[in-house]
Amino acid sequence: MKFKHTIPILFTLLLLQKTFISFAQENNEEFIIGNKIYKSGSNWFKIAQGVGFHFYLNEFEYNTTFAYTIRIKKIYTQFGYHVSSDVFLTKATLQRLNDLYLTIGLRKEKRFLNIAAFGGFSYAYGGTLDHTEWKDGKLTKWYRGFTQPGLFGTIDFSFKPLYDVGFGLSLYGSINKYYNVLGVQLHFYLSGAYKGIIE
């Protein structure tokens with residue numbers, strides 16, 4: 001497989017993340033909204049669903065992500081599972097990318113907004129269409145299984161009606177030798193910012 005799409009995807013993700021680094025500054029303070037106590041800079045969970053483009057096959061796919069983010073000083077570490085396929089997550093298929101990824105990134109958090117950018121490495125495995133051929137008057141599809149190191153990146157924009165609960169848009173890219181995808185997702189955001197109630 002060729003890497004003709006890898007460089008543009010990687011360059012775009014790195015450019016967006018570098019732009020974001022100068023913007024992100026993070027506090028770690030407790031504060032009060034109404035009678036509830038919150039703490040900024042808290043860990044959060046994300047579940048996302050969307051569509052992406054498979055560059056090798058030139059077709060759109062479904063994708064799902066489950067991710068958890070923890071803070072170590074001013075750096076955030078996100079680990080998660082991402083899947084991209086020609087069918088929905090629960091259906092069987094031979095064409096599927098699975099990413100177990102570990103990324104680092106930065107975050108900008110406001111009352112109604114959370115913006116985060118992450119980039120790092122993935123353990124990518126699954127299967128993809130390798131080639132097709134006519135055999136006995138029928139078109140036969142041949143698939144290739146793979147296990148590869150890869151790169152994974154995501155940028156999240158979350159709107160928070162409640163300080164610790166929100167929803168938003170994620171842009172992501174996954175790169176490895178056999179399966180390159182770039183896509184967009186809608187996500188649900190839930191943080192551990194809530195600390196208690198003032199009696």
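Now for a description of the structure that goes with this document.

Analysis parameters
- Residues numbered from 1 in each chain as written.
- Predicted model: local features only at pLDDT ≥ 70, side-chain atom pairs only at ≥ 80, totals over all residues.
- Heavy atoms only, no water.
- Helix = DSSP H or I, 4+ residues; strand = E, 2+ residues; numbered from the N terminus.
- Buried < 20%, exposed > 50% of the residue type's maximum accessible area, 1.4 Å probe, protein only.
- Contact = heavy atoms within 4.5 Å.
- Areas by Shrake-Rupley, 256 points an atom, 1.4 Å probe, with all protein chains shown as cover.
- Patch = residues over 30% accessible without salt bridge, like charges linked within 9 Å, V, L, I, M, F, W, Y side chains within 5 Å.
- Salt bridge = Lys/Arg side-chain N within 4 Å of Asp/Glu carboxyl O.
- Pairing = 2+ DSSP bridges.
- Polar contact = N/O pair within 3.5 Å; in protein donor to acceptor, adjacent residues only side chain to side chain.

### Comments concerning the overall build of the protein
Phase 1 of the analysis: Within the protein, the regular secondary structure consists of one helix and eleven strands.
Phase 2 of the analysis: Secondary structure elements in the protein, listed N-terminal to C-terminal, are α-β-β-β-β-β-β-β-β-β-β-β.
Phase 3 of the analysis: Burial statistics for the protein: of 199 residues in total, 44% are counted as buried.
Phase 4 of the analysis: The contacts in the protein between residues at least 6 apart in sequence include a share of 59% that link residues at least 24 apart.
Phase 5 of the analysis: For the protein, the accessible area works out to roughly 10800 Å², and carbon and sulfur atoms hold 66% of it.

### Examining a nonpolar patch on the surface
Phase 1 of the analysis: Side chains of Phe45, Ile47, Phe66, Tyr68, Phe79, Leu102, Phe188 and Leu190 sit close together on the surface and give an oily, nonpolar patch of about 660 Å² of accessible area.
Phase 2 of the analysis: Elements with a contribution of two residues or more to the nonpolar patch: strand E3 (44-54), strand E4 (59-72) and strand E10 (181-191).
Phase 3 of the analysis: For leucine 190, the position within the fold is in strand E10.

### Some points on the pairing of E10
Side-chain positions along a regular strand alternate between the two faces of the sheet.
Phase 1 of the analysis: Burial of E10 is one-sided: the residues Val181, Gly183, Gln185, His187, Tyr189 and Ser191 facing one way are buried, the residues Leu182, Val184, Leu186, Phe188 and Leu190 facing the other way are not.
Phase 2 of the analysis: Direction of pairing for E3 relative to E10: antiparallel, over a ladder of eleven bridges. Residue pairing across strands places histidine 54 opposite valine 181, the latter belonging to E10.
Phase 3 of the analysis: Here strand E9 (residues 165-175) runs beside E10; their pairing, made up of ten bridges, is antiparallel.

### Looking at the side chain of serine 85
Phase 1 of the analysis: Mapped onto the secondary structure, serine 85 falls in strand E5 (residues 75-85).
Phase 2 of the analysis: Assessed through its relative accessible area of 2%, serine 85 is described here as buried.
Phase 3 of the analysis: A polar contact of 2.8 Å, which involves the side chain of serine 85, links it to the backbone oxygen of glutamine 95.
Phase 4 of the analysis: Discounting chain neighbours no more than four positions away, the residues touching serine 85 are Glu61, Tyr62, Thr93, Gln95, Arg96 and Tyr179.

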